[in-house]
Amino acid sequence: MFKWMNLFRGFLMGICEIIPGVSSGTMALLLGIYDQFLGAIGHIVSKHYKKSIIFLLPLVIGMGVAILTMSSLMDYLLTQHTIPTHWFFIGMVLGVIPMMFSISNYKAEFKSVHYVLMGAAVILLYWLSTVGEGGTSVESIDISMLMLIGLYFSGMLASAVMLLPGISGSLVLLIIGAYPIIMRAISEFTSFNFEVLPVLIATGLGIVSGLLLAGRGIQFLLRNYTYIMYATIIGLLFGSVFPIYPGLPDTAGTWISSIVSLCAGLAISTYMGSKNKQSI
């Protein structure tokens with residue numbers, strides 16, 4: 001049965017993918033559909049493909065609608081209200097961590113190696129956040145076959161990464177230089193400039209390919225190396241604060257709005273996590 005609620009869930013996941021540092025995998029965890037999401041991706045090329053398509057289709061539609069309709073709003077918030085907006089997403093990310101510790105039964109299951117992996121994941125995200133600093137806009141797009149091939153593989157890599165809670169596909173795109181091109185293409189397309197359609201098609205095909213290749217791999221790791229994966233995911237969640245961190249507020253008004261935003265993000269994330277807590 002077509003789950004209409006998945007349109008909204010996909011919409012929320014799509015918003016996360018617009019922002020470098022925020023993972024749609026994290027949102028899937030909060031929404032309580034992470035395991036179903038991975039399973040549907042992993043079985044889309046099996047005899048259960050019909051069930052997978054029925055589950056994934058509204059998610060994909062919701063994500064597509066979010067990316068096309070919310071890019072301008074998110075650009076406005078990130079440009080005009082940068083610090084409070086980032087602190088809201090920091091709250092959203094941090095609110096997932098208690099749920100992950102609870103799911104992982106860390107007091108009984110975690111050994112020294114798990115904490116080492118957690119620390120390594122934090123360091124990796126910190127490094128990625130420094131590598132990813134740079135320009136995030138382009139004035140025009142000169143389409144070539146080489147560019148389209150590059151965008152295909154960029155989309156593949158980003159989608160494989162975004163399946164892991166804590167690491168953002170858009171952050172990876174930013175690091176490898178594809179993010180500003182894709183954001184510009186989305187902006188142009190929503191302004192009815194269809195010349196950029198090849199950019200979106202190449203990226204979209206790469207995203208689909210990456211999801212199909214990575215879905216079963218991540219499922220295998222979660223099933224056979226469960227607590228190692230839990231520790232890695234917790235580290236990625238902690239580390240994902242680095243690429244989002246906007247600095248401290250510089251005025252009293254910004255301090256107030258940032259604290260309110262942080263608390264709102266924490267409250268929403270904690271509430272969603274408590275309502276949808278599940279093992280993954």
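Residues numbered from 1 in each chain as written. Predicted model: local features only at pLDDT ≥ 70, side-chain atom pairs only at ≥ 80, totals over all residues. Heavy atoms only, no water.

Draft legend 1. Up close: unusual backbone geometry. Positive phi, normally seen in glycine, also occurs at N105, with a value near 50°. The topology assignment puts N105 in the loop between α6 (97-104) and α7 (106-109). Positioned with a positive phi, F192 is a non-glycine residue whose angle comes to about 70°. Assignment of secondary structure puts F192 in the loop between α11 (179-190) and α12 (197-224). (Helix = DSSP H or I, 4+ residues; strand = E, 2+ residues; numbered from the N terminus.)

Draft legend 2. Summary view of helix α5 (residues 82-94). Over its 13 residues, α5 runs 18 Å from end to end, which matches the ideal 18 Å to within 8%, given 1.5 Å per residue. Among the 13 residues of α5, ten are classified as buried, and the element is accordingly described as predominantly covered. Looking at α5, one finds that the buried residues are I83, P84, T85, H86, W87, F89, I90, G91, M92 and V93. Taken together, the buried residues of α5 touch α2 (24-31), α4 (49-80), α6, α13 (226-239), α14 (241-244) and α15 (252-275). (Expected span 1.5 Å × (residues − 1). Buried < 20%, exposed > 50% of the residue type's maximum accessible area, 1.4 Å probe, protein only. Contact = heavy atoms within 4.5 Å.)

Draft legend 3. Main features of the environment of S154. Topologically, S154 is positioned in helix α9 (residues 145-162). Here the alpha-carbon distance between S154 and G177, two residues 23 residues apart in the chain, equals 9.0 Å. Excluding anything up to four places from it in sequence, S154 contacts L173, I176 and A178.

Draft legend 4. Geometry of the packing of helix α1 (residues 5-18) against α4. Where α1 meets α4, the closest approach of the two axes is 6 Å, and the angle between their N-to-C directions is 45°. Judged by the angle between their axes, α1 and α4 are oblique. Every pair of crossing elements has a handedness; the one defined by α1 and α4 is right-handed. (Axes fitted to C-alpha atoms, helices over the stretch in contact; angles between N-to-C directions. Parallel < 35°, antiparallel > 145°, perpendicular 65-115°, else oblique. Left-handed = near helix turned anticlockwise from the far one by under 90°.)

Draft legend 5. Summary view of the layout of surface pockets. Each pocket or cavity is described by its volume, and for the largest pocket that value is around 910 Å³. If you go around the largest pocket, you meet 32 residues; those closest to its centre are V60, M63, I67, G204 and I207. Broken down by secondary-structure element, the contributors of at least two residues to the lining of the largest pocket are α1, α3 (34-42), α4, α9, α10 (169-175), α11 and α12. At nine residues, α4 tops the list of elements feeding residues into the lining of the largest pocket. Here the lining of the largest pocket is composed, by residue class, of 25 nonpolar, six polar and one charged. (1 Å grid on protein atoms, 1.4 Å probe; cavity = no way out; pocket = protein on both sides within 12 Å on 5 of 7 lines; lining within 4 Å. Points joined across faces, edges and corners; volume = space filled by probe spheres on them. Nonpolar A, V, L, I, M, F, W, Y, C, P; charged D, E, K, R; others polar.)

Draft legend 6. How the structure looks around the nonpolar core. Ranked by internal contacts, the top residues of the largest apolar core, which has 70 residues, are M13, M27, F37, M100, L163 and L222. In terms of residues, this core owes the most to one element, α4, which gives seven residues. Core analysis: the next-biggest nonpolar cluster, separate from the first, contains eight residues, L128, V161, I167 and L236 among them. (Core = buried A, V, L, I, M, F, W, Y, C linked by side-chain atoms within 4.5 Å.)

Draft legend 7. Structural view of the packing of aromatic side chains. Evaluated as defined, the whole model comprises twelve aromatic pairs. Relative to F89, the ring of F88 has its centre 5.4 Å away and its plane inclined at 80°; by these criteria the two rings are edge-to-face. Overall, F89 belongs to the buried group, its relative accessible area being 9%. (Phe/Tyr/Trp six-rings, centres within 6.5 Å; stacked < 30°, edge-to-face > 60°.)

Draft legend 8. Looking closely at the confidence of the model for the chain. On average, residues of the chain carry a pLDDT of 86, and 94% of them reach 70 or more. Within the chain, α13 carries the highest mean pLDDT (92), whereas α10 carries the lowest (79). (pLDDT = per-residue confidence, 0-100.)

Draft legend 9. Spotlight on empty space enclosed by the protein. Overall, the coordinates contain one cavity of 30 Å³ or more when judged by the stated rule. Together, C16, V22, S23, T26, M27, L30, F89, M92 and V93 line the largest cavity. Elements with a minimum of two residues in the lining of the largest cavity: α2 and α5. A class-by-class count of the residues in the lining of the largest cavity yields seven nonpolar, two polar and no charged.

Draft legend 10. Quick look at the side chain of T85. Along the chain, the position of T85 falls in helix α5. Sequence-distant contacts of T85, defined by excluding residues within four places in its chain, comprise M74, L77 and L78.

Draft legend 11. How the structure looks around the environment of V65. Among the structural elements, V65 can be located in helix α4. For the pair V65 and G206, spaced 141 residues apart in sequence, the C-alpha separation works out to 18 Å. Apart from the residues within four sequence positions on either side, V65 is in contact with F11 and M70.

Draft legend 12. Spatial organisation of α3. For α3, a buried count of seven out of nine residues is recorded, marking the element as mostly surrounded by other parts of the structure. Those residues of α3 lying buried are Y34, F37, L38, G39, A40, I41 and G42. On its buried face, α3 sits against α1, α2, α4 and α12.

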